[in-house]
Amino acid sequence: MDPILFYGVPEGCSFGSIVALEWAGRPYRLCRIALPEMAASPAYRRVNPVGETPALMTATGAIIVESMAILNHIGAGAIDRGLAFPQGSAGFDRLNQALAFLNTSFFNAFTPLWHTLDSDVGEPEKTVLTAFGHRMVAEAHADLERMLDGRDWILGERRSLADAYFAGIARWVDVHDALDRRAYPAVNRLYERLCEDPAVRFARAVEHGEPAVTTGRFAGHVSLDDALSPAVATSP
Ligand SMILES: N[C@@H](CCC(=O)N[C@@H](CS)C(=O)NCC(=O)O)C(=O)O
């Protein structure tokens, strides 16, 4: 069966895994999970007991959760495309290091800002969290700017799955109006280049429920019920 990516909407960090699947060029399906309601449902907790997206049901029916694990799984099938590297190689270590930075420092910089959207956060907490979040997001961007060192892609000359993941979480700057990305020229160039990428456009259209043209081998959506049903799991 085709692997199924369970992706969260709106503005989820699963976005990068959709881009990665498109770039990898292997068949896959998608299952849309509305956050937070569906993610907290008993049905989805059968997929991921902690109720987070993304999750990937592999071709054998195994479930993988956590973006880094999912991206490394996709990467193992995309080494011939230059998107990832064999474990044990210097390339693998560099990619893993970049993914870890993005999945911890960069991702978590936005946590205070997401928290301000919770309805039970009043003043003065909101002002403090917003200021703290803006400072953390600025620091994460300054760090990434230094890492890029003027290069076009996070690992250098060519794109990798780190860029795919970045495409999803970098959007949060605009969601929270956290900073002016143009203050970080290399980060800004990378983001703008990614916004023009056909796979990124596809992922954005999918998220917004608009007509989406795959550049890879997207084989359609499945419902959560169908994804969990062995009958569909064995369909072509
Ligand atoms: N460590 C996880 C974090 C995943 C995560 O935080 N996912 C968010 C969406 S970006 C989520 O599903 N939140 C549940 C909710 O909003 O109800 C990963 O990197 O995959």
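Preceding this section is the structure that the text describes.
About the thresholds
Residues numbered from 1 in each chain as written. Predicted model: local features only at pLDDT ≥ 70, side-chain atom pairs only at ≥ 80, totals over all residues. Heavy atoms only, no water. Near = heavy atom within 4 Å. Polar contact = N/O pair within 3.5 Å; in protein donor to acceptor, adjacent residues only side chain to side chain. Areas by Shrake-Rupley, 256 points an atom, 1.4 Å probe, with all protein chains shown as cover. Nonpolar A, V, L, I, M, F, W, Y, C, P; charged D, E, K, R; others polar. Axes fitted to C-alpha atoms, helices over the stretch in contact; angles between N-to-C directions. Helix = DSSP H or I, 4+ residues; strand = E, 2+ residues; numbered from the N terminus. Parallel < 35°, antiparallel > 145°, perpendicular 65-115°, else oblique. Left-handed = near helix turned anticlockwise from the far one by under 90°. Contact = heavy atoms within 4.5 Å. 1 Å grid on protein atoms, 1.4 Å probe; cavity = no way out; pocket = protein on both sides within 12 Å on 5 of 7 lines; lining within 4 Å. Points joined across faces, edges and corners; volume = space filled by probe spheres on them. Domains from an automatic or database assignment.

K.L.:
I'd like a rundown of the site of the ligand, residues and numbers included.
P.N.:
Around the ligand, the neighbouring residues are Cys13, Leu35, Pro36, Gly51, Glu52, Thr53, Pro54, Glu66, Ser67, Asn103 and Phe107. One of the backbone nitrogen or oxygen atoms of threonine 53 is found 2.8 Å away from an oxygen atom of the ligand. For the ligand, whose free accessible area comes to 510 Å², the fraction covered by protein is 76%. In terms of residue class, the shell around the ligand is made up of five nonpolar, four polar and two charged.

K.L.:
Now, about the packing of helix α1 (residues 15-24) against helix α10 (residues 198-207): what can you tell me, with residues and values included?
P.N.:
In helix packing, the relevant descriptors are the interaxial angle and the interaxial distance, both defined with respect to the helix axes. The contact between α1 and α10 brings their axes to 9 Å, and the two run at 130°. As judged from the angle between their axes, α1 and α10 are oblique. Once α1 is placed against α10, the crossing between them reads as right-handed. The residues of α10 that touch α1, namely those facing Phe15, Ile18, Val19, Glu22 and Trp23, are Ala199, Val200, Phe202, Ala203, Arg204, Val206 and Glu207. Residues that form the contact of α1 with α10 fall into these classes: nine nonpolar, no polar and three charged.

K.L.:
Go over the layout of surface pockets, please, and point to the residues and values.
P.N.:
Taken as a whole, the largest pocket spans an internal volume of roughly 840 Å³. Together, 26 residues line the largest pocket, and Cys13, Leu35, Glu52, Thr53 and Phe107 are the ones closest to its centre. Looking at the lining of the largest pocket, the elements that each hand over two or more residues are α4 (90-108) and α5 (111-116). Classifying every residue of the lining of the largest pocket gives 13 nonpolar, eight polar and five charged. Mapped onto the domain boundaries, the lining of the largest pocket takes at least three residues apiece from domain 1 (4-82 + 198-233) and domain 2 (90-195). There is about 160 Å³ of room inside the second largest pocket. Taken together, Pro3, Leu21, Ala24, Arg26, Pro27, Tyr28, Leu56, Thr58, Ala59, His73, Ile74 and Gly77 make up the full set of residues lining the second largest pocket. When contributions to the lining of the second largest pocket are tallied by element, the ones reaching two or more residues are α1, β2 (27-34) and α3 (67-76).

Distances and angles like these do not, on their own, reveal function.
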